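What follows is the residue order along each chain.
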Amino acid sequence: MGRVERALVDALGGESGAAAQSSGNNHRAGLQPISVSPLQGRQLTWLARSVGARRILEVGTLGGYSTVCLAEALPPDGYLLTVDNNPIHHTVARQNIDQAGLAGIVELALGNALDVLSQLVAVRAEPFDVFFVDADQHNNVEYFHLCLALARPGSLFLLDNVVRNGEVCDLETRNEAVRATQRCLEELRADPSLFDAVIFQNVGGKGHDGLLAVRVLGQE
Ligand code: SAH
Ligand code: DHB
Ligand code: MG
């Protein structure tokens, strides 16, 4: 974490005990250091809480750091489903969620998120209030469409890593992850009556990146 971010997080009261514990466990387990940062974690908690989320769907668990941050916004009878296709990540996350006392409201699915979400659409799963997509970024258009099929008017769709040190502005890029972000933005722009979208830029230890936040419109 960068010096400024550390100071800002501390000024806001620090990470929750469960978040800090997960972060330490993830580091000890040798997971890649690509969890959301502590300040982004607080942003996720804040966003989910501010829309009164009761049901959250996450794509890309890793060790469950962002999962813990999102789950902390839920009421005691809330529900969070998080999906990851890596069995090692799944196992570390399982331990973190258990240790955080969140096993009662968090379900960890092991599998390809495209399959898991398609299956949820097929069984007409109850809509989710908040989506957080943070996985294989080249599939972000597919994830966006699947999440829309699992949304209700008023749902909040959150997508990580949409700025990538400014590469999102390079219309010639061959980076499939960035191209997927660009396509999502085109779809949002094409239908402003359906979507209310904003991007929060983030800067810190993980460089310059951003979070796309989309409110799905319609009759609420
Ligand atoms: N949200 C996490 C970080 C996720 S890192 C946090 O902030 O703490 C991205 C994760 O996506 C990795 O754990 C990787 O295993 C997972 N992933 C990549 N492709 C996937 C796919 N097709 N289906 C499910 N998970 C996938
Ligand atoms: C990186 C950061 C992320 O948030 C992510 O989901 C994947 C990769 C990175 O900094 O490389
Ligand atoms: Mg990310």
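Reference entry: report on the structure contained in this document. (Residues numbered from 1 in each chain as written. Chains lettered and ligands numbered in written order. Predicted model: local features only at pLDDT ≥ 70, side-chain atom pairs only at ≥ 80, totals over all residues. Heavy atoms only, no water.)

**Considering the site of ligand 1**
Moving on, step 1. Around ligand 1, a shell composed of 21 residues is seen, among which Val36, Gly60, Ser66, Asp84 and His89 lie nearest.
Moving on, step 2. At a separation of 3.3 Å, a nitrogen atom of ligand 1 approaches a polar side-chain atom of Asn112.
Moving on, step 3. Here Asp134 contributes a side-chain N or O atom positioned 2.9 Å from a nitrogen atom of ligand 1.
Moving on, step 4. Compared with its free state, where it exposes 590 Å², ligand 1 has 91% of that area covered by protein. (Near = heavy atom within 4 Å. Polar contact = N/O pair within 3.5 Å; in protein donor to acceptor, adjacent residues only side chain to side chain. Areas by Shrake-Rupley, 256 points an atom, 1.4 Å probe, with all protein chains shown as cover.)

**As for the coordination of the magnesium ion (ligand 3)**
Moving on, step 1. For the magnesium ion (ligand 3), every protein donor is listed as Asp134 (OD), Asp160 (OD) and Asn161 (OD1), and the spread of their distances is 2.0 to 2.3 Å.
Moving on, step 2. Taken in chain order, the donor set of the magnesium ion (ligand 3) reads D-x25-D-N. Taken together, the residues span a long stretch of sequence, with Asp134 in the loop between strand S4 (130–133) and helix H7 (140–149) and Asn161 in the loop between strand S5 (156–159) and helix H8 (176–190) at a distance of 27 residues. Residue Asp134 shares its accessibility class with Asn161, and that shared class is buried. (Donors = N, O, S within 2.8 Å, 3.2 Å for Na, K, Ca; no water. Helix = DSSP H or I, 4+ residues; strand = E, 2+ residues; numbered from the N terminus. Buried < 20%, exposed > 50% of the residue type's maximum accessible area, 1.4 Å probe, protein only.)

**Some thoughts on the pairing of S4**
Moving on, step 1. The side-chain alternation of S4 yields two buried faces, one formed by Val130 and Phe132 and the other by Phe131 and Val133.
Moving on, step 2. Bridge analysis of strand S1 (residues 55–59) against S4 gives four bridges, and the strand direction is parallel. Each residue of the ladder has a partner; that of Glu58, found in S4, is Phe132.
Moving on, step 3. Note that the unit made of S4, H7 and S5 has a crossover that is right-handed. (Pairing = 2+ DSSP bridges. Right-handed = clockwise from strand over helix to strand, strands pointing away.)

**Points about unusual backbone geometry**
Moving on, step 1. Positive phi outside glycine occurs at Arg124, with the angle close to 50°.
Moving on, step 2. Residue classification places Arg124 among the exposed residues on the basis of a relative accessible area of 75%.
Moving on, step 3. For Asn161, which is not a glycine, the phi torsion comes out positive at approximately 65°.

**Structural notes on the site of ligand 2**
Moving on, step 1. The environment of ligand 2 is formed by Ile34, Asp134, Gln137, Asp160, Asn161, Arg164 and Lys206.
Moving on, step 2. One of the side-chain nitrogen or oxygen atoms of Asn161 is found 2.8 Å away from an oxygen atom of ligand 2.
Moving on, step 3. One of the side-chain nitrogen or oxygen atoms of Lys206 is found 3.0 Å away from an oxygen atom of ligand 2.
Moving on, step 4. In isolation ligand 2 offers 290 Å² of accessible surface; the protein chains occlude 71% of this area.
Moving on, step 5. Tallied by class, residues from the shell around ligand 2 come to one nonpolar, two polar and four charged. (Nonpolar A, V, L, I, M, F, W, Y, C, P; charged D, E, K, R; others polar.)

**A closer look at the packing of helix H1 (residues 3–11) against helix H3 (residues 38–50)**
Moving on, step 1. Interaxial distance between H1 and H3 falls to 9 Å at its minimum, and their mutual angle equals 40°. By the angle between their axes, H1 is oblique relative to H3. Facing H1, whose interface residues are Glu5, Leu8 and Val9, H3 presents Pro38, Leu39, Gln40 and Arg42.
Moving on, step 2. Grouping the amino acids of the contact of H1 with H3 by side-chain chemistry returns four nonpolar, one polar and two charged. (Axes fitted to C-alpha atoms, helices over the stretch in contact; angles between N-to-C directions. Parallel < 35°, antiparallel > 145°, perpendicular 65-115°, else oblique. Contact = heavy atoms within 4.5 Å.)

**Structural notes on the environment of Gln182**
Moving on, step 1. With respect to the helices and strands, Gln182 occurs in helix H8.
Moving on, step 2. Overall, the relative accessible area of 11% leaves Gln182 in the buried class.
Moving on, step 3. For the pair Gln182 and Asn96, spaced 86 residues apart in the sequence, the C-alpha separation amounts to 34 Å.
Moving on, step 4. The contacts of Gln182, once residues within four sequence positions are left out, are Glu167, Val168, Asp170, Leu171 and Thr173.

**As for the side chain of Thr45**
Moving on, step 1. The topology assignment puts Thr45 in helix H3.
Moving on, step 2. Look at Thr45 and you get buried, because its relative accessible area is 9%.
Moving on, step 3. Among residues more than four places away in sequence, those in contact with Thr45 are Cys69, Glu72 and Ala73.

**Quick look at the environment of Ser155**
Moving on, step 1. Tracing the backbone through its elements, the reader meets Ser155 in the loop between H7 and S5.
Moving on, step 2. C-alpha separation for the pair Ser155 and Val68, spaced 87 residues apart in sequence, amounts to 20 Å.

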